[in-house]
Every structure is written in structure tokens, then in C-alpha cells.
Amino acid sequence: MTQEELLNRVRKIEIKARGLSRNIFAGEYHSQFKGRGMAFSEVREYQPGDDVRSIDWNVTARLNKPYIKVFEEEREMTVMLLVDVSGSRNFGTLSETKRDRMAEVAATLAFSTIANNDKVGVIFFSDHIEKYIPAKKGKSHVLHIIRELLSFEPESAGTDINGALQYFANAQKRRCTAFLISDCMDETFTRETDSLRIGMLPVAIAAHKHDLNVVQIYDRRDAEMPDVGLLKVKDAETGERLWVDTAMEQVRNDYARAWQRQQSLLENLFIRTGVNSISIRTDEDYVKALMRLFR
């Protein structure tokens, strides 16, 4: 991609994303995410009607009368975008690749953030952390993020979502709102875990510390295989190539069932860890999906 082509694409995404964030998402973003971070202010004596869940048991035991913790709403919020830049994001069979759709969704979220005078930062990850852009305010900062979303080329093609979430949870000390933008094609991430160990998963830890939301971007051919006869396919992350006879109904059915099982594992994981999530297909309008997430 030439510099001129990059600038044209940045401008195109800027116009669309700013329009959506200003005209559609600004109010929804503000009501759903603004001020959800709470900072400790003080303790005071318990009064009838106070929420018993706010009782500070240490102070209560020391003074022999009930005291509660008082929190105040943080005036400024930080939004972090965790963007998957592994090899599978370059896949797409219709008008857009997953990479293109990820860039648009991330740009829309970024513009919604600065429209509310909040800070936004980005973590690019593959099977390791590829790049960290600290959270800042301002249009120029968001345009820099969009340029990176479109042009950044990772060192590795693999995926490690758990590693990215672990890095994020450790690096971001203050509570923030985070959006994990990925196709979620990572078997380690969705590996079945018993109830006793679910709280130890990186996604559970990150969701406990922060307001974590997952935006899954996928292509229709991730979910179903067309009947086009003998087809040579390549794994975008490992480079493995093989021939597949798509004319065989059993092959197509097995492929579809594998996708459905993966989606079921994802859904179960997010429910058990309290993570909000949406799935967006590359050939579908993402506006309605983001509206569902915001609401």
C-alpha cells in the first residue's frame, strides 16, 4: 500500500467512523460506559438505607460500629482496544477482510471515546505483544491509531489471546473499559475449564479488574464451507497447506460443526466470566451489533 493509498483509506474510515460516533453512538456510549469507573473517596458511618455490600468490615471491626466505603465517579475514563493482528485477520471472501472490518470497528470506538473527552489506547497482539500505544486524547492521536490499524505488519502470524489479556491486566493499573477485537480463533483461549479454575483464567482476571467487552469479527466462510469441489487451502497462521474435497457433504458438515462447537465454547466462557460480547460478520452491517453492545 502506497502512502497516498494509506492516507485515502485513513480519510475514508475517519469520515465514516466520526459520523457514526457523533450521530449514532455518542449518546449510547456515554450512558453505557461514561463514568462506570469508580474511585474510592472515604469511609463514613453506616446509615439506614445504605447498601450493606459497601460495608468496610475492617473499619467496622476496629471501631465496633458499621462503616461503609464511599466511592465517587471518575470524571475521566480510559478505553483500551486490544486488536488481534494475527495471520487469520487477513482472510475475507466478499467485499472486506476481517482486517478491514476490525479497523472500522476500532476506529468507530476510538472516535466515540474522544467525542466524550476520554482517552483511548491500543494493544496490538499476535502470539505476543506486537505494539503498545498509550492512551491519549485528541483527533491526531486517533488518526495515528487508524494509520497503525491499516498499515501495521506483525512479526508473528500466531494468536495468543490469553497472553494479550494477561499483559493488559498487568499493564493497566486503573480500572478502564476494554474492547478485545479478534476473530477469536485460538483453541487455547476456549479450552474447556472446570468451575474451580475458571476464576484463574486471564479473561476472568481481566474482566474482574476492568470492564471487558469482546467484539468477534468473522467471515461467513469461517462458519461454512461452500461446495466448490477440490479446494487447496492454507492455514494463515501456521502456513500449512492441504487439499479439501468440498463436494463431500460430510466434510462440509464436519467443518460447520467445528465452528458451532467453537462458538458454543466462546459463549459459555463469556457467560461464566461475565464478559459482554457480540459477533460481527464481515459482510454484515456492524452498526446494529455495536448498538446492542452499548445497550
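Along each chain, residues carry numbers from 1 onward, in the same order as the chain's sequence is written. Where totals are concerned, whole chains, interfaces and linings use all residues; where local detail is concerned, this predicted model gives features only for residues with pLDDT of at least 70, and gives and counts side-chain atom pairs only at 80 or more. Excluded from the side-chain calculation are hydrogens and water; included are all heavy atoms of the structure.

Examining the layout of surface pockets
Any space left empty among the atoms is revealed by the rolling of a water-sized probe across them.
Turning to step 1, where the next piece is worked out: Here the largest pocket is characterised by a volume of approximately 1200 Å³.
Turning to step 2, where the next piece is worked out: The helix count covers DSSP runs of H or I at least four residues long, the strand count covers runs of E at least two residues long, and both are numbered beginning at the N terminus. The set of elements that each furnish at least two residues to the lining of the largest pocket consists of helix 7 (220-223), strand 8 (230-234), strand 9 (241-245) and helix 8 (249-273).
Turning to step 3, where the next piece is worked out: Examining the composition of the lining of the largest pocket, we find that six residues originate from one element, helix 8, more than from any other.
Turning to step 4, where the next piece is worked out: In this classification, the charged set is Asp, Glu, Lys and Arg, the nonpolar set is Ala, Val, Leu, Ile, Met, Phe, Trp, Tyr, Cys and Pro, and all remaining amino acids, among them Gly, are polar. Per-class residue counts for the lining of the largest pocket are 14 nonpolar, five polar and 11 charged. Method remark: on a 1 Å grid restricted to protein atoms, a set of points is classed as a cavity if a 1.4 Å probe fits but cannot get out and as a pocket if it is open with protein on both sides within 12 Å along at least five of seven lines; lining residues have an atom within 4 Å of a point. Grid points are joined across faces, edges and corners, and a volume is the space filled by probe spheres set on the points.

Notes on the nonpolar core
Turning to step 1, where the next piece is worked out: To define a nonpolar core, start from buried Ala, Val, Leu, Ile, Met, Phe, Trp, Tyr and Cys residues and group those joined through side-chain atoms within 4.5 Å. Only protein chains enter the accessibility calculation, which uses a 1.4 Å probe; a residue whose area is less than 20% of its type maximum is buried, one above 50% is exposed, and one in between is partly exposed. Membership of the largest hydrophobic core comes to 43 residues, with the highest contact counts inside it found for Leu81, Val105, Ile146, Phe179, Ile181 and Val215.
Turning to step 2, where the next piece is worked out: No other element matches the nine residues that helix 3 (residues 98-115) contributes to this core.
Turning to step 3, where the next piece is worked out: Counting residues in hydrophobic clusters, the runner-up holds 26 residues, among them Ala164, Leu180, Phe189 and Leu201.

Considering the sheet that holds strand 6 (residues 177-182)
Adjacent strands of a sheet form backbone hydrogen bonds with each other and so pair up, either parallel or antiparallel.
Turning to step 1, where the next piece is worked out: With respect to topology, six strands assemble into an open sheet ordered 5-4-3-6-7-10, the strand pairing being mixed. Each edge of the open sheet is held by one strand with a lone partner, namely strand 5 (129-136) and strand 10 (276-281). Along the sheet, successive strands turn relative to each other by an average axial angle of 15 degrees, direction set aside.
Turning to step 2, where the next piece is worked out: Sheet analysis places strand 6 next to strand 7 (residues 211-218), joined by six bridges and oriented parallel. When the bridges of strand 7 are listed, Ser182 appears paired with Gln216. Any two strands are treated as partners once DSSP identifies two or more bridges connecting them. The angle between two axes is taken between their N-to-C directions and runs from 0 to 180 degrees, where each axis is a line fitted to C-alpha atoms and a helix contributes only its stretch in contact.

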